[in-house]
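Commentary on secondary and tertiary structure
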Amino acid sequence: MRVADCDRVAEIRVAGWRHAYRGLVPQPYLDRMDPVAAARWHRELLTGAGPGVVNLVAEHDGRVAGWACLGPNRGPEPGSELYALYVDPDRHRTGLGSALLRRCLPAGETVHVWVVSGNVPALRFYAHHGFAPDGAREPFAVDGVEVPEVRYVLSSPGVSPSA
């Protein structure tokens, strides 16, 4: 991912939230999401990314259509954490998300991902790729509304990042 990709990545992330979390988080929050402000945030994250953080984009017809970010697990368990995986809603169910996921998974390392518990399509996506809930739950509040997350784990994926 390059700094020049951040505007499009922000658009995809905002569109992804508005698509995936409709009815799960307060609509006024979704309506207030600003792709311009999000792009500034993405540029800061990209340029300040610590060691081991990987940001990847996927393109379709020469245009960024998806983004994934993986890095060290933020919890006490060893392994990596998939911080984000978003695909333009117009490109859902085309294999783009699967390709991004396969590309960023480190071989031989456990990977954790937190998923909003009501986001059934995302839960199915991760289960399809071998992730399973480990029982960990985390409160997540959006505009004062609890939106619980569940942790899914993939133990020692055999996919190389260079595949």
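Here's what I pulled together on the structure shown here. (Residues numbered from 1 in each chain as written. Predicted model: local features only at pLDDT ≥ 70, side-chain atom pairs only at ≥ 80, totals over all residues. Heavy atoms only, no water.)

**Brief notes about the overall build of the protein chain**
When you go through the protein chain residue by residue, the secondary structure sums to 5 helices and 8 strands. Each helix and strand of the protein chain, placed in order from N terminus to C terminus, yields the pattern α-α-α-β-β-β-α-β-α-β-β-β-β. In summary, the protein chain has a C-alpha radius of gyration of 15 Å against a globular reference of 15 Å for 163 residues, a match within 12%. A principal-axis box enclosing the C-alpha atoms of the protein chain has dimensions of 40 × 35 × 30 Å. Going through the 163 residues of the protein chain one by one, you find that 42% of them count as buried. With the model as given, the accessible surface of the protein chain reaches about 8,600 Å², and the carbon-plus-sulfur share is 53%. (Helix = DSSP H or I, 4+ residues; strand = E, 2+ residues; numbered from the N terminus. Rg over C-alpha atoms; globule rule 2.2 N^0.38 Å. Buried < 20%, exposed > 50% of the residue type's maximum accessible area, 1.4 Å probe, protein only. Areas by Shrake-Rupley, 256 points an atom, 1.4 Å probe, with all protein chains shown as cover.)

**Some remarks on the pairing of strand β2 (residues 63-72)**
In terms of burial, β2 is a largely internal element, 8 of the 10 residues being buried. Strand direction decides the pairing type here: strand β1 (residues 54-60) and β2, joined by 7 bridges, are antiparallel. Opposite Val 57, over in β2, you have Trp 67 as the bridge partner. Here β1 folds back onto β2, and the loop between the two strands holds 2 residues, one of which, Asp 61, carries a positive phi near 55°. Two elements, β2 and strand β3 (residues 80-87), share 7 bridges in a ladder whose sense is antiparallel. The partner of Leu 70 across the bridge, within β3, is Leu 82. (Pairing = 2+ DSSP bridges.)

**Re the sheet that holds strand β5 (residues 132-138)**
On the basis of which strands lie adjacent, the open sheet formed by 6 strands has the order β1-β2-β3-β4-β8-β5 and mixed pairing. If you trace the sheet from one side to the other, it starts and ends with β1 and β5, each paired once. On average, adjacent strands in this sheet sit at an angle of 30° to one another, irrespective of strand direction. Against the sheet, helix α4 (residues 96-104) contacts β1, β2 and β3, and its axis sits at roughly 155° relative to β3. Relative to strand β4 (residues 111-116), helix α5 (residues 120-128) is tilted by about 160°, and along the sheet it contacts β3, β4 and β8 (149-154). (Axes fitted to C-alpha atoms, helices over the stretch in contact; angles between N-to-C directions. Contact = heavy atoms within 4.5 Å.)

**A few points about the nonpolar core**
If you look at the biggest cluster of nonpolar residues, it comprises 22 residues, and the most contacted ones within it are Leu 82, Leu 85, Val 113, Tyr 126, Phe 131 and Tyr 152. Only β2, β3, α4, β4, α5 and β8 provide two or more residues apiece to this core. In terms of residues, this core owes the most to one element, α4, which gives 4 residues. In this structure, Leu 85 is in contact with Trp 67, Ala 68, Gly 97, Leu 101, Phe 125 and Tyr 126, ignoring residues within four places of it in sequence. In terms of nonpolar packing, the next biggest core, distinct from the first, is built from 19 residues, Leu 30, Ala 38, Ala 39 and Cys 69 among them. (Core = buried A, V, L, I, M, F, W, Y, C linked by side-chain atoms within 4.5 Å.)

**A closer look at the pattern of salt bridges**
Taken as a whole, this structure holds 9 salt bridges when the rule is applied. Note that Glu 11 is salt-bridged to Arg 8, the shortest N-O span being 3.2 Å. Here Glu 11 and its partner Arg 8 are both found in helix α1 (residues 6-20), 3 residues apart, which amounts to about one turn of the helix. Taking relative accessible area as the criterion, Glu 11 reaches 35% and is therefore assigned partly exposed. On the accessibility criterion, Arg 8 (14% relative accessible area) is buried. With a closest N to O distance of 3.7 Å, Arg 63 and Glu 11 form a salt bridge. Linking Arg 63 in strand β2 with Glu 11 in helix α1, this pair joins segments that are 52 residues apart in sequence. One continuous salt-bridge network, built from bridges that share partners, spans Arg 8, Glu 11, Arg 63 and Asp 88. (Salt bridge = Lys/Arg side-chain N within 4 Å of Asp/Glu carboxyl O.)

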